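# Structural features, examined
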There are 2 protein chains.
Amino acid sequence: MLARIPEEELASLLRGYGYEPLFFDTGDDHLDTHRRFTELLDRALDDRRAMIVFRSPKGWTGPREVDGLPVEGTWRAHQVPLAQVRTNAEHLRQLEEWMRSYRPEELFDADGALKETLAGLAPRGERRMSGNPKTNGGLVLRDLELPDFRRFAVPVDEPGTVTAEATRVLAQWLTQVVRSNPENFRIFGPDETASNRLDAVYEVTDKQWDARIEPVDEHLAPTGRVVEMLSEHQCQGWLEGYLLTGRHGLFNCYEAFIHIVDSMFNQHAKWLKVTRGIPWRRPLASLNYLLSSHVWRQDHNGFSHQDPGFIDHVVNKRAEIIRVYLPPDANCLLSVADHCLRSRHYVNVIVAGKQPALQFLPMDEAILHCTRGVGIWDWASNDASGEPDVVLACCGDVPTLETLAAAAILRERLPELKVRVVNVVDLMRLQPELEHPHGLPDHEFDSLFTSSRPVVFAYHGYPWLIHRLTYRRTNHANLHVRGYKEEGTTTTPFDMVMLNDLDRYHLVIDVIDRVPGLVDRAGHLRQEMEDARLRAHAYAREHGEDAPEVSEWRWPPEAVVAP
Amino acid sequence: MLARIPEEELASLLRGYGYEPLFFDTGDDHLDTHRRFTELLDRALDDRRAMIVFRSPKGWTGPREVDGLPVEGTWRAHQVPLAQVRTNAEHLRQLEEWMRSYRPEELFDADGALKETLAGLAPRGERRMSGNPKTNGGLVLRDLELPDFRRFAVPVDEPGTVTAEATRVLAQWLTQVVRSNPENFRIFGPDETASNRLDAVYEVTDKQWDARIEPVDEHLAPTGRVVEMLSEHQCQGWLEGYLLTGRHGLFNCYEAFIHIVDSMFNQHAKWLKVTRGIPWRRPLASLNYLLSSHVWRQDHNGFSHQDPGFIDHVVNKRAEIIRVYLPPDANCLLSVADHCLRSRHYVNVIVAGKQPALQFLPMDEAILHCTRGVGIWDWASNDASGEPDVVLACCGDVPTLETLAAAAILRERLPELKVRVVNVVDLMRLQPELEHPHGLPDHEFDSLFTSSRPVVFAYHGYPWLIHRLTYRRTNHANLHVRGYKEEGTTTTPFDMVMLNDLDRYHLVIDVIDRVPGLVDRAGHLRQEMEDARLRAHAYAREHGEDAPEVSEWRWPPEAVVAP
């Protein structure tokens, strides 16, 4: 752009890369140029190092000049060069001259059909570029051999008592997926596969690397099934090509930085939407995003790494191709990931944490919960005998933890209050059934969220997304959502949720403020909650970490008593 | 990445660009390296063509090996090289050795303070990098000299009767802005300034171009104030730097492709949010986006160029720094643009069409309307005597046109129906006042949109954004929004709005379906509207353009009669 590289410099550079450049310039006559080029091509095919540098003026063979201004080889050739053929006789004459320069009498017969001698040169059937099955990837797509994810389950005897790192658990299963599918599954990532705690896959494969490998390098090989480059654009482009040609893949990325490919995602989503309506296009494997290192756990990186808005971006696209999952723990993540790798022609977004976190569901229950996509957690609720006084809804691993901790406080301190805990894995269940294929019918939605009780909803991302998904629901006027409201910094995990009023103490306050009558009789507890927030705030600043009462909190079985 | 370029090849390449490379390698001793580098620097300063190629191992001067594994010069130096200094005596020893290698006794006095001889080397005051006023751009920011935009107004004697191209009108004013501010205002764009019909600015300036200028080139000069490159990333980055150093700018872009910089916008928005709270940081000029060639007029480019979602992305960021304007015509665009170029420390998003379109407001009314940000259009309404039966709300140039055409049909065909037309310029007026500084108080909102009447809202972008902004409003349950629902293709302008049910005929149907009692008595009109859609659909396919009854429609003064 700023300077053209002289031919000898370019040649020297290309030789440095191991190529032997062959410079080619087009000429005035395009048929003669074609003959010369064919000869060059024959030479080039004999030399594996040959690289043809093809130089052609923009608008080559078009009109040299129009209305006295140069066109061929200039920026003017970017537009329609002869724009007034209907009204300008000279333009029409130039158009005819241009078209005749292709010598149509040599190409077409008297009826205007391409001559058989030329038509016969074109490949036929699957040898045509457009007929190659790899251009219609669904034709050559094979199901993945998926190992039984149940074998990788975290044992959960009592909910909320053991910890695990969700993505590290997933990696055990992914490792077997890689092993069982050595030719049609790849993992892509912007140099974050280990940071996202998926590095177990390096037990069975490597990062693909075609250049020199130094003694100090680890897990690099030309045969690697993990494709890493610190360019989200490259990862997305490679994965799209891999899917379009009939293979399967997973893109793992820091949540905040997946916005880098917003625009590329748009185009792939548009492609999926349009091709769903083209009968001969066969469905592809879904494009699977695993977003980890998410907004709530950027303890060291801070505000620049905190952004849960990719979900908002994605759900603007057509409902029939978009799926969004926020598994609350490792077993749910396994179930969701298995589902996504089996699915076709969707974009699946999975948001899952990598930090040690409490586990809630044994595998059998996780499968039921993820298949439903949303459900009441009986063991955390005390409203089994009738209608709840309040619904605590949650979606995402950190909001689920805070909601359970809030439920525990409410059940211990206000035991007469009937609390229902509802967890959402499949975000699209919230939408009306007319808006999304996963949308719950209104009566099912109401049976979970009630038609008249306060709902305090703790959500992983921007809170208004929950309103946008539920504004037509019966009980929407009673829905109060907490989530990320763009308050972030480098701080402790609990300070981060407090900054956004998503913490357990604030959720308890939200309940007190919204359940009719409670504000009159729970004044003491409300003040205790405010004080607990102030103490947690001060502790984090004094110690640089969260107070043990928060960081070591476990679901208290003693609170799980009959009301 | 794939191959390291040998030194002689790199040297040859750099010489091709006019540079003389000076290769420099760090050594074992960093103080000695510093001396050698200073000498090299002296030589380089004598030669304007000199370019130093500085080669240093990653983690240079850190521990060579830790736990028997190489660190310096390897990927391991990307992490904390000695992670267990608290518990591992050998790590602690290595840390001490490393720190002592800097010879602290030569650098600090007995009290641990930096020696005066060294401290004195550092520049003082504004010569410090962090103290340079250009790093706190607000300190050196000067107001733009803005010509009176009223002089550039389109004469509008009767609303909806004359046409103009909004961005082309704006360009007349921008031309004077460029002329009056030759040193601190620039226009940035991904090679779309002319396509967005701002090319009038080339009467007074050029595109900045520092390389060779060919005889065929136009409007290129090293002194140009327009910065173009077909890379939205580069445009965004340049503009951010220009603003951060105390200047003003405007980024013009095709609406769909501004998503390319979603992630960069995020970081700038976070920076604005944080620096608002830092007392010594002075406010910058706002980052102004002018999005044209928008979703509704991609007649030739089609689905890939249709995406109004940048607004959704932007409004997730903190309310105090985000402003979104959708001026309905050229005079409103002038008023809005003047306001944005005067504003500080915001991100302003302006969406405006470039195609010939009906003009609605004379300049005086445009200024009032844009200053209010939202308003009833009396001349289009017939409810002056009392409460309307229906509110037709609109936001964006194309939705405004369709809404007025629907209002004309309703007023002609159902003259007893009281119709109120409300136009929204400043999208943030819709939010509750607690959520956004521009948010209307509830009683003002209700006085525009009523507290109980059906509202049919025609919006430029994804319809659910309007719900997300208004879900707490009194009358939200009666709000019915039409907008872009991801149905697009290459087609005529009217076919495009029909694909998304945003057309005048469908808006009339929406009114008939929602105003109580109307569905019983307006059956004929409803069917006529369905037939009109079918006819317009067929006409577009037969003629490749819209029927004259649509494309030549004007606001009919004869319908503007007392009800």
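Residues numbered from 1 in each chain as written. Chains lettered and ligands numbered in written order. Predicted model: local features only at pLDDT ≥ 70, side-chain atom pairs only at ≥ 80, totals over all residues.

## Some words on the overall build of chain A
Helices and strands together make up the secondary structure of chain A, namely 19 helices and 19 strands. By the compact-globule yardstick of 24 Å for 563 residues, chain A is too spread out, its C-alpha radius of gyration being 31 Å. For chain A, the spread of C-alpha atoms along the principal axes amounts to about 95 × 65 × 45 Å. Going through the 563 residues of chain A one by one, you find that 44% of them count as buried. For chain A, restricting intrachain contacts to residue pairs at least 6 apart in sequence, the fraction spanning at least 24 positions comes to 72%. (Helix = DSSP H or I, 4+ residues; strand = E, 2+ residues; numbered from the N terminus. Rg over C-alpha atoms; globule rule 2.2 N^0.38 Å. Buried ≥ 20, exposed ≤ 12 C-beta atoms within 10 Å, placed from the backbone. Contact = placed C-beta atoms within 7 Å.)

## A short note on the packing of helix H10 (residues 330-342) of chain A against helix H11 (residues 363-372) of chain A
Any two packed helices are characterised by the angle at which their axes cross and by the distance between the axes. Residue and element names in this part refer to chain A. Orientation of H10 relative to H11, taken along the N-to-C sense of each, is 55 degrees, at an axis distance of 9 Å. The orientation of H10 with respect to H11, classified from their angle, is oblique. Here the hand of the crossing between H10 and H11 comes out right-handed. Contacts between H10 and H11 involve Asn331, Cys332, Ser335 and Val336 from the former and Met363, Ala366, Ile367, His369 and Cys370 from the latter. (Axes fitted to C-alpha atoms, helices over the stretch in contact; angles between N-to-C directions. Parallel < 35°, antiparallel > 145°, perpendicular 65-115°, else oblique. Left-handed = near helix turned anticlockwise from the far one by under 90°.)

## Points about the confidence of the model for chain A
Summarising the model, chain A shows a mean pLDDT of 94, and 98% of its residues fall at 70 or more. Overall fold confidence for the complex sits at a pTM of 0.94, while the interface term, ipTM, reaches 0.93. (pLDDT = per-residue confidence, 0-100.)

## Comments concerning H10 of chain A
Residue and element names in this part refer to chain A. In this model, H10 (13 residues) spans 19 Å end to end at C-alpha, consistent with the 18 Å of a helix rising 1.5 Å per residue. Burial analysis of H10 places eleven of its 13 residues in the buried class, which makes it a mostly covered element. For H10, the set of buried residues is Ala330, Asn331, Cys332, Leu333, Leu334, Ser335, Val336, Ala337, Asp338, Cys340 and Leu341. (Expected span 1.5 Å × (residues − 1).)

## Points about the sheet that holds strand E17 (residues 419-424) of chain A
Residues and elements named next belong to chain A. Here five strands make up an open sheet; going across it, the order is E15-E17-E16-E18-E19 and the pairing mixed. Looking at the sheet topology across the chains shown, the edges are occupied by strand E15 (374-376) and strand E19 (479-482). Ignoring strand direction, the axes of neighbouring strands in this sheet form an average angle of 20 degrees. Inspection of the sheet shows strand E16 (residues 390-395) paired to E17 by five bridges, in the parallel sense. Paired with Ala393 across the bridge in E17 is Val422. Contacts between helix H16 (residues 504-514) and the sheet are confined to E16, strand E18 (455-459) and E19, with E18 contributing the most and set at about 160 degrees to the helix. (Pairing = 2+ DSSP bridges.)

## As for the interface of chain A and chain B
Across the boundary between the two partners, chain A contributes 39 residues, which contact 40 residues of chain B. Elements represented by at least two residues in the side of chain A that touches chain B include exactly helix H1 (7-16), helix H8 (262-275), helix H9 (310-314) and helix H14 (464-470) of chain A. Sort the elements by how many residues they give to the side of chain A that touches chain B and H8 of chain A lands first, with seven residues. Grouping the constituent residues of the side of chain A that touches chain B by class yields 16 nonpolar, twelve polar and eleven charged. (Nonpolar A, V, L, I, M, F, W, Y, C, P; charged D, E, K, R; others polar.)

## Some remarks on the domain arrangement of chain A
Residues and elements named next belong to chain A. Here the domain parsing of chain A yields domain 1 (7-113), domain 2 (140-356) and domain 3 (374-559). Summarising the inter-unit geometry, the C-alpha centres of domain 2 and domain 3 are found 28 Å apart. In this complex, domain 2 contributes 32 residues to the contact, which on the side of domain 3 involves 31 residues. Where the side of domain 2 that touches domain 3 is concerned, the elements lending two or more residues are H9, strand E12 (322-325) and H10. The dominant element in the side of domain 2 that touches domain 3, judged by the number of residues it contributes, is E12, at three residues. A class-by-class count of the residues in the side of domain 2 that touches domain 3 yields 17 nonpolar, eight polar and seven charged. (Domains from an automatic or database assignment.)

## A look at the sheet that holds strand E17 (residues 419-424) of chain B
Residue and element names in this part refer to chain B. The five strands lie next to each other as E15-E17-E16-E18-E19, forming an open sheet whose pairing is mixed. Here the strands that pair on one side only, and so sit at the sheet edges, are strand E15 (374-376) and strand E19 (479-482). For this sheet the average axis-to-axis angle between neighbouring strands, irrespective of direction, equals 20 degrees. Bridging between E15 and E17 involves three bridges; their strand directions are antiparallel. Bridge pairing in E17 places Ile376 opposite Val422.

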